[in-house]
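Observations on the model geometry
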Number of protein chains: 2
Amino acid sequence: MSSSTASNTTNGRHLFKEYPTGFPTPGQSTVYDTSASIDLDHVPLNGGVLTKLKVLSIDPYLRELMNPNLGTSPDFVPFALNEPIQGHGIVEVLRSENDKFKSGDFLHADVIPHEEYPLFSKEATETLSIVEKRPELPLSVYVGAARMPGWTAFAGWKEYAKAKTGETVFVSSGAGAVGSIVVQLAKHQGLKVISSAGSEDKVQFLKDLGVDVAFNYKTSDTREVLKKEGPVDIYWDHVGGDTLDAALENMNQYGRIVLCGMITGYNTESGDVPTQKLYTAVWRQLSLHGLLIVPALIEKYQSSFEEEVVAKLADGTFKYREDKRYGLEEASQAMLDVQKGSNVGKCVVVVDGE
Amino acid sequence: MSSSTASNTTNGRHLFKEYPTGFPTPGQSTVYDTSASIDLDHVPLNGGVLTKLKVLSIDPYLRELMNPNLGTSPDFVPFALNEPIQGHGIVEVLRSENDKFKSGDFLHADVIPHEEYPLFSKEATETLSIVEKRPELPLSVYVGAARMPGWTAFAGWKEYAKAKTGETVFVSSGAGAVGSIVVQLAKHQGLKVISSAGSEDKVQFLKDLGVDVAFNYKTSDTREVLKKEGPVDIYWDHVGGDTLDAALENMNQYGRIVLCGMITGYNTESGDVPTQKLYTAVWRQLSLHGLLIVPALIEKYQSSFEEEVVAKLADGTFKYREDKRYGLEEASQAMLDVQKGSNVGKCVVVVDGE
């Protein structure tokens, strides 16, 4: 008994403790907890894989999974109270009873519990895949531009934007993990790109990405900018609400709108996102498409993604920017920062390593 | 001078007099006016066609064209003050300087001034086409189920609904001119059809059309009905607002929504139509499509429309219901009734004849 206790290692966890009604409060909505421990050498694997958490991706959608009233997708399940937050990340194999994975491998996990030593059951190992890392790119990019946010941007752009050279696109939150890839795909395809962000620093980043009209929505009126620079053929929405209305008022005939999250509603009690101008969709024959990155979309675009996005990130054609935090205890604050938009670049929590 | 005056005929007109802020008021927003006259025998045609108005179509969208703030489509222009209302209808040729049309021909006009003797200029005659009337159908059906509302239903259904046998569709205003064709197309294709209307009489009509779940939205709660009978794969929307929200809350994954007018907003000052639940579109990967019947869509589906809709109307497979008014002086009241939904069946104004 005493010998097994002696070999136990603290397994720090990032737990969901309380449904937030507004912004998630570090230490209250979610808590870093050190009460659990794990015997790394002896814990039974039952055909599964024991891992060490390396990098976590901190994305806006995590807040939406704290909404108990969310109409869920079969691919996304709201968080359970007193259980670890779940999100995507990269782990390193410590011990494995699965032939495909060996100690030292880096693995992607799209649904990974926020704990230092995740143990994947035999069934759960089917969701794991080896990180095919290019030497030019750090591991953290494989939870960002080279993985889920990148996939979301690329698959949504290919599937729904139906972009033509010479058209005009407006991207809200263009400096974000998804938005920054969207604006680069659009520039690469010869579109006029209008994009907004919430700080001068982010606006400068948009300019560095080649955005034609970059503006700070806190100091410039979105309606005025779109009226002057539009009409807009494609609107890539991350926020909903009044920004969506401003876009709806300035859309061109047959415009396409990609609804890629609505952060405006995430931090309210009801989750509602009031929109007033949807009637313009009728008169201008607009299409709106809800975008969630799901396995079917990933499969459809995965091979071209490697060539059209990851290769361009590796050779420097496409840029990325990261906001790295160190240690799982920083995950709560990182989640709040992402909701408030005070992160600068793709937010990742490096739990172990670089 | 006196001889030409003697041959003048009163040309009754239905004029747009004032922007309504709520429902259009007969005698105030629009006025039947008899101050104009026309010399039918001598008015110069300059290559055009002089006609006599036979039948007018009275549709919900006419109210939207009284909104001066409407973001217009190049295919639809808001009405000008002190000019006749314009809408679609059928005219009979009195005199013609166009070889394609001769006296006695019945012609379709999609944009026709509401006056008893419309004179089409040489350019405007290009928008006219001869009514290819089947003997089984009255002329009035050629402004209803066999024409624009029928086209709208058919083209929208083919282009955007992407219906599959066994799916569930919800159609609001299912007893209306467009809705009644949509529900019959859906039944014909083997879908489960849920549809709402605003009176017991209309609900009975829906049942006569074969609707599986017909309900009166004034006495039944739309959310409850959809929760019990859904989830909904396709929602055909005519109203927007809270009905759209109720549908959004009950949509299935990958659901399609056809936005075919938003009457909720037509009779308000701003024209805004508040929607709260659009965020569900993200999590359920919904698509929404604004539908306006435009030349490109008509051209794409016109030949199959004859076979799949008009032939079925003629042989009795598809049903239609008309609310006929007689005389151009009834157009104002007819327009108000359509906005309030107090018409029963497709509303037409028969200006001359059957």
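This report concerns the structure included in the present document. (Residues numbered from 1 in each chain as written. Chains lettered and ligands numbered in written order. Predicted model: local features only at pLDDT ≥ 70, side-chain atom pairs only at ≥ 80, totals over all residues. Heavy atoms only, no water.)

1. Looking at the interface of chain A and chain B
In this complex, chain A contributes 38 residues to the contact, which on the side of chain B involves 38 residues. Between chain A and chain B, a total of about 3,400 Å² is buried, with carbon and sulfur atoms accounting for 59% of that surface. On the chain A side of the contact with chain B, Tyr279, Val282 and Trp283 of chain A bury the most area, a combined 24% of that side's loss. There are two salt bridges connecting chain A and chain B. Measuring nitrogen to oxygen at the nearest pair gives 2.6 Å for the salt bridge that ties Lys277 of chain B to Asp272 of chain A. At the surface where chain A touches chain B, the tally comes to 12 residue pairs in polar contact (both at pLDDT 80 or more). Elements supplying a minimum of two residues to the side of chain A that touches chain B: α2 (61-64), β14 (251-259), α9 (280-283) and β15 (287-290) of chain A. It is β15 of chain A that contributes the most residues to the side of chain A that touches chain B, four residues altogether. Across the side of chain A that touches chain B, the residue classes break down as 21 nonpolar, 13 polar and four charged. (Contact = heavy atoms within 4.5 Å. Buried area = accessible area lost by both parts, 1.4 Å probe. Salt bridge = Lys/Arg side-chain N within 4 Å of Asp/Glu carboxyl O. Polar contact = N/O pair within 3.5 Å; in protein donor to acceptor, adjacent residues only side chain to side chain. Helix = DSSP H or I, 4+ residues; strand = E, 2+ residues; numbered from the N terminus. Nonpolar A, V, L, I, M, F, W, Y, C, P; charged D, E, K, R; others polar.)

2. Looking at the relation of the copies chain A and chain B
Rotating chain A by 180 degrees and translating it 0.0 Å along the rotation axis places it on chain B, where the RMSD comes to 0.0 Å. Given the turn and translation reported, the copies of this chain are related as if by a two-fold rotation axis. Here 100% of the contact residues of chain A are again contact residues in chain B; the copies associate through an equivalent surface. (Least-squares fit on C-alpha atoms with pLDDT ≥ 70 in both.)

3. Observations concerning the packing of helix α3 (residues 148-161) of chain B against helix α4 (residues 179-188) of chain B
Residue and element names in this part refer to chain B. At a closest axis distance of 8 Å, the pairing of α3 and α4 adopts a crossing angle of 40 degrees. Taken together, the axis directions place α3 and α4 in an arrangement best described as oblique. Note on packing geometry: the crossing formed by α3 with α4 is right-handed. Facing α3, whose interface residues are Gly150, Ala153, Phe154 and Trp157, α4 presents Ile181, Val182, Leu185 and Ala186. (Axes fitted to C-alpha atoms, helices over the stretch in contact; angles between N-to-C directions. Parallel < 35°, antiparallel > 145°, perpendicular 65-115°, else oblique. Left-handed = near helix turned anticlockwise from the far one by under 90°.)

4. Observations concerning the sheet that holds strand β11 (residues 192-197) of chain A
Hydrogen bonds between backbone atoms are what pair the strands of a sheet, whose relative direction is either parallel or antiparallel. Read from one edge to the other, the open sheet built from 12 strands follows the order β12(A)-β11(A)-β10(A)-β13(A)-β14(A)-β15(A)-β15(B)-β14(B)-β13(B)-β10(B)-β11(B)-β12(B), with strand pairing classed as mixed. Since the sheet does not close on itself, it has two edges, and those belong to β12 (213-216) of chain A together with β12 (213-216) of chain B, each with one partner. Neighbour-to-neighbour, the strand axes of the sheet open up by a mean angle of 15 degrees, direction not taken into account. Inspection of the sheet shows strand β10 (residues 168-171) of chain A paired to β11 of chain A by four bridges, in the parallel sense. Within β11 of chain A, the position partnered with Phe170 of chain A by the bridge is Ile194 of chain A. (Pairing = 2+ DSSP bridges.)

Without other data, these values stay purely geometric and don't point to any function.
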